[in-house]
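Reading the structure
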Amino acid sequence: MSTEQKLQYFKITTLQPVVMTAYNATQGGLQSLDYLTGSSLLGLVASKLYSKLSDDQSWEIFHSGSVQFSDAYPIVDGFPTIPTPASWHFEKAKRWNQDGQIDFSELTNHCSVEFSRDNKIQYQQCRGGFITGDGRVANIRQTLVTKTALDEHQTAKAGQLFNYTAIDAGQTFLACICADAQALEMITATVSGIHSLGRSRSSEFGKVMIEAIESPFIEQHSLNQNDALVLFCQSDIEAINQFGQPTCTPTLSELVEGVTDDIKLSANKSFIRTHRVNLFNRARGGFDSEHVLISKGSVLVFERARLTEEQLRKLASAVGIHNQLGFGKVIINPAWLTDDKYTDTLFTCRKIEMSTARKSKSVAATTPLTRFVFARLTKQQTTCNDRLVVQSMIKDIVSLYKVARGYNQIVNAHDIGPSSSQLRRVFEVFRTNKNAPFTELFEGEHAVCKVDNDEFGWGASWDNGVTFTTFAAEMKQLLKGKTISQIERFIELLCRYEPCQYQSLKKLQKEVLSAEGEY
């Protein structure tokens, strides 16, 4: 980044579900991204400004890479997030986060020079998702909507049934735009306000509120020269080699100009994940060329790299090509990637002021119409809250099945945990016994969730790090404090599958827990 360029951060609030699919295919059931892409923000600005600018100005802003539109990552409780580092691992069959908070004692950082591998431990990589500096994990709510066209018989028209997987309304994301002062002022004035992002914007999707805010990040880069240069990929990176071909293992000279030595990646300390995207250009009505990308969260380590201060600043600006789409953002030598284990805060940020919810005036419902509207609004709010609780319960129960299977080393062909028929008995208890369902379920020798003589069902046990627990005990804790309607909805949804079976549990994860991340 040159000295004339500036950063402007934006808070984006989804007012409607935003369709941000991972692929451009037209068939239904596509998985949604859990962030807003920089290309969608660029497309928004281009749709407003392209026709008003000269060819040279359009090239400079939208194609040259001098103006960078970053991806928008989720904001958690007012704090910005970064992608989960790919160098983080945890012991298989254990959990590295619980109830939205990272368990630092379970994490090991394999790119640290202090890390020494324990051959007795089988490690598992932390994949996907976003984290805050104090260890909170983002939980992005997503929704699935099915729409169809009707034929003359008022039935679904053949070939006209569509599924939309979308980021749900009411969530906030943080993006930034890097440009010179004059262009940044014009772009900020253009994007501030209510706009539409993503696909299917003409069919009640995509409305967002964009507000310019101050930077919440405190300097993360460390330009101090060490023996090893560590680059944390804050966004996807598109790199090319000396022959102009895409590469996912770039040398240092392919990322920054002026490096004379051909310094290669450290194979033991680098952790790289890759993927491909093929962006659709709405104005041209066609696809751009395919991008081969190093995924965000990857960690690139170059040993014995000696760079000048100017070269380090170029790295901090952006690396690779197509920076205007948000590709190429890296953090240099972050302090939180030098330790092999963690005990405290990763990095500090300023809290982002969130918009206070609009408080509706308390107006007495005096007419049949206002009473009807008030009742519908109350029911809609209750349904929305219940859906969030049930989604969290499903995520927790899937983790319990996976931990039980992993701890007891159950092969995929065998079952473990309560079957759907056992879960339906729990449903029946809550349906018929409104006064003391927990007593009927968990107490006495005739309890529905009896541990005895059910070693691989309610009695499946494991060590949770404090003591031995059973599936029945964990289920009791999971249901505690929930309303009857939430529990009934939770079990009804769970019983559509056979979660004790490996393949059915995977199907449950894919269809219900659609968020990209650890599952």
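So, a few notes on the structure that sits alongside this text. (Residues numbered from 1 in each chain as written. Predicted model: local features only at pLDDT ≥ 70, side-chain atom pairs only at ≥ 80, totals over all residues. Heavy atoms only, no water.)

Think of two packed helices as two axes; the pair is described by the angle between the axes and how far apart they sit. Two elements in contact, helix H6 (residues 420-432) and helix H9 (residues 484-494), have axes separated by 10 Å at closest approach and are oriented at 155°. One element, H6, and the other, H9, form an angle in the roughly antiparallel class. The handedness of the crossing between H6 and H9 is left-handed. Together, Leu423, Val426, Phe427, Phe430 and Arg431 of H6 and Ile484, Ile487, Glu488, Ile491, Glu492 and Leu494 of H9 make up the contact between the two elements. In terms of residue class, the contact of H6 with H9 is built from eight nonpolar, no polar and three charged. (Axes fitted to C-alpha atoms, helices over the stretch in contact; angles between N-to-C directions. Helix = DSSP H or I, 4+ residues; strand = E, 2+ residues; numbered from the N terminus. Parallel < 35°, antiparallel > 145°, perpendicular 65-115°, else oblique. Left-handed = near helix turned anticlockwise from the far one by under 90°. Contact = heavy atoms within 4.5 Å. Nonpolar A, V, L, I, M, F, W, Y, C, P; charged D, E, K, R; others polar.)

As a further point, take the sheet that holds strand S6 (residues 88-91). Here we have three strands laid out as an open sheet, ordered S9-S6-S10, and antiparallel in their pairing. Each edge of the open sheet is held by one strand with a lone partner, namely strand S9 (107-109) and strand S10 (123-125). Taken pair by pair, the neighbouring strands of this sheet meet at an average axis angle of 40°, ignoring direction. Looking at chain direction, S6 and S9 are connected through three bridges and run antiparallel. Bridging across to S9, Phe90 finds its partner in Leu107. (Pairing = 2+ DSSP bridges.)

Residue position: Ser70 is located in the loop between strand S2 (68-69) and strand S3 (73-76). Overall, Ser70 belongs to the buried group, its relative accessible area being 11%. Not counting residues up to four positions away in its chain, the partners in contact with Ser70 are Thr37, Gly38, Leu41, Ala175, Cys176 and Gly326. (Buried < 20%, exposed > 50% of the residue type's maximum accessible area, 1.4 Å probe, protein only.)

Time to look at the pattern of salt bridges. Enumeration according to the criterion identifies nine salt bridges in this entry. Of the charged contacts in the structure, one is a salt bridge between Arg136 and Asp77, with a shortest N-O distance of 3.0 Å. Of this pair, Arg136 sits in the loop between strand S11 (130-131) and strand S12 (142-150) while Asp77 sits in the loop between S3 and strand S4 (79-80), and the two are 59 residues apart along the sequence. It is possible to trace a salt-bridge network through shared partners that takes in Asp77, Asp134 and Arg136. (Salt bridge = Lys/Arg side-chain N within 4 Å of Asp/Glu carboxyl O.)

It is worth stressing that arrangement in space is one thing and function is another; only the former is reported here.
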